[in-house]
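These are the residues of each chain, in order.
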Amino acid sequence: GNEWAYYGDMEVKYPANYSDFQKMCQQQAQSLQTCLILLYGQDGYNELHQDKYGRIAFVFQMVVMLKQVGEDYTGGSFQLKIGENDPKDIPLSKGDALIFPTQFMPLDATVSDKTVKVTHGVSKITSGNRSTLGVICHLANK
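Calculation criteria
Residues numbered from 1 in each chain as written. Predicted model: local features only at pLDDT ≥ 70, side-chain atom pairs only at ≥ 80, totals over all residues. Heavy atoms only, no water. Pairing = 2+ DSSP bridges. Helix = DSSP H or I, 4+ residues; strand = E, 2+ residues; numbered from the N terminus. Axes fitted to C-alpha atoms, helices over the stretch in contact; angles between N-to-C directions. Buried < 20%, exposed > 50% of the residue type's maximum accessible area, 1.4 Å probe, protein only. Lys, Arg positive; Asp, Glu negative; His and termini not counted. Salt bridge = Lys/Arg side-chain N within 4 Å of Asp/Glu carboxyl O. Polar contact = N/O pair within 3.5 Å; in protein donor to acceptor, adjacent residues only side chain to side chain. Patch = residues over 30% accessible without salt bridge, like charges linked within 9 Å, V, L, I, M, F, W, Y side chains within 5 Å. Areas by Shrake-Rupley, 256 points an atom, 1.4 Å probe, with all protein chains shown as cover. Contact = heavy atoms within 4.5 Å.

Engineer: Help me understand the sheet that holds strand β12 (residues 130–136) in this model?
Structural biologist: Either a parallel or an antiparallel arrangement is found when strands of a sheet pair, and the pairing is made through backbone hydrogen bonds. In spatial order, the strands read β2-β12-β4-β8; together these four strands make up an open sheet with antiparallel pairing. Strands at the two margins of the open sheet, each flanked by one partner only, are β2 (36–40) and β8 (97–101). Between one strand axis and the next, the sheet turns through 25 degrees on average, direction left out of account. Two elements, strand β4 (residues 60–65) and β12, share five bridges in a ladder whose sense is antiparallel. Residue pairing in the sheet places V64 in a bridge with L133 of β12.

Engineer: Please explain the environment of I90 as it appears in this structure.
Structural biologist: Structurally, I90 can be placed in strand β7 (residues 88–90). According to the relative accessible area criterion, I90 is partly exposed, its value standing at 23%.

Engineer: Explanation requested: the side chain of R130 in the structure shown.
Structural biologist: One can find R130 in strand β12. For the buried R130, which has no salt bridge, the nearest side chain bearing the opposite charge is D89, at an N-O separation of 9.5 Å. From its side chain, R130 meets the backbone oxygen of G76 in a polar contact 2.8 Å long.

Engineer: Looking at this model, I keep getting lost on a nonpolar patch on the surface. Mind explaining?
Structural biologist: Together, I37, L39 and L66 make up an exposed nonpolar region whose accessible area comes to about 300 Å². Assignment of secondary structure puts I37 in strand β2.

Engineer: I would appreciate a short explanation of unusual backbone geometry in the present structure.
Structural biologist: Apart from glycine, the bulk of residues carry a negative phi angle, and the bulk of peptide bonds sit in the trans form. One non-glycine residue, A29, adopts positive backbone phi at about 65 degrees. For A29, the location among the structural elements is in the loop between α2 (18–27) and β1 (30–32). Here A29 falls in the exposed class, since its relative accessible area comes to 52%. In this structure, D43 takes a positive phi of about 75 degrees despite not being glycine. With respect to the helices, strands and loops of the structure, D43 is situated in the loop between β2 and β3 (46–49).

Engineer: Help me understand the pattern of salt bridges in this model?
Structural biologist: Close approach of charged atoms allows side chains with opposite charge to pair. Within this structure, the stated rule accounts for two salt bridges. Between K23 and D20 there is a salt bridge, and its shortest N-O distance comes to 3.9 Å. With K23 and D20 both in helix α2, this residue pair falls three residues apart, about one helical turn. In this structure D20 comes out as partly exposed when scored by relative accessible area, which is 33%. One salt bridge connects K124 with D43, and the closest N-O pair in it is separated by 3.6 Å.

Engineer: What should I look at first to understand the environment of V118 in this one?
Structural biologist: Tracing the sequence through the fold places V118 in strand β10 (residues 115–122). The exposure class of V118 is buried, given its relative accessible area of 1%. It is 9.3 Å that separates the C-alpha atoms of V118 and E84, two residues lying 34 residues apart in sequence. Contacts of V118, omitting those with residues within four sequence positions, involve Q50, L80, K81, I82, P101, T102, Q103, F104 and M105.

Without other data, these values stay purely geometric and don't point to any function.
Right, here's the structure in full:
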């Protein structure tokens, strides 16, 4: 996390263990858990966005697929948009986990301020029900 944050010129220095990171979040009035189950029914979707819920945010987060595309639902692709490029559908099956950047990614490993914005979302569900586990490592503010 600290190496990735360096490329985004972030001031935060992440501690070596998660309990100390939670304390760091709490010192910034970020005390709410951010892990969640996301449920989408037919016509449901989630616009491209970033999950940053306070001053302190971890550089990565994770999604775990809990249902199988083509069996439990159709449509509903996980989408990742990097910079000004069009969003890309990331194929995920039941049980797959994807770790992705919360806010940005480096463009050039030799220059610390060359990053691009990263957003994610879910395309429209055309049938059935889709569910995922979202793991956002930082705590949220109220």
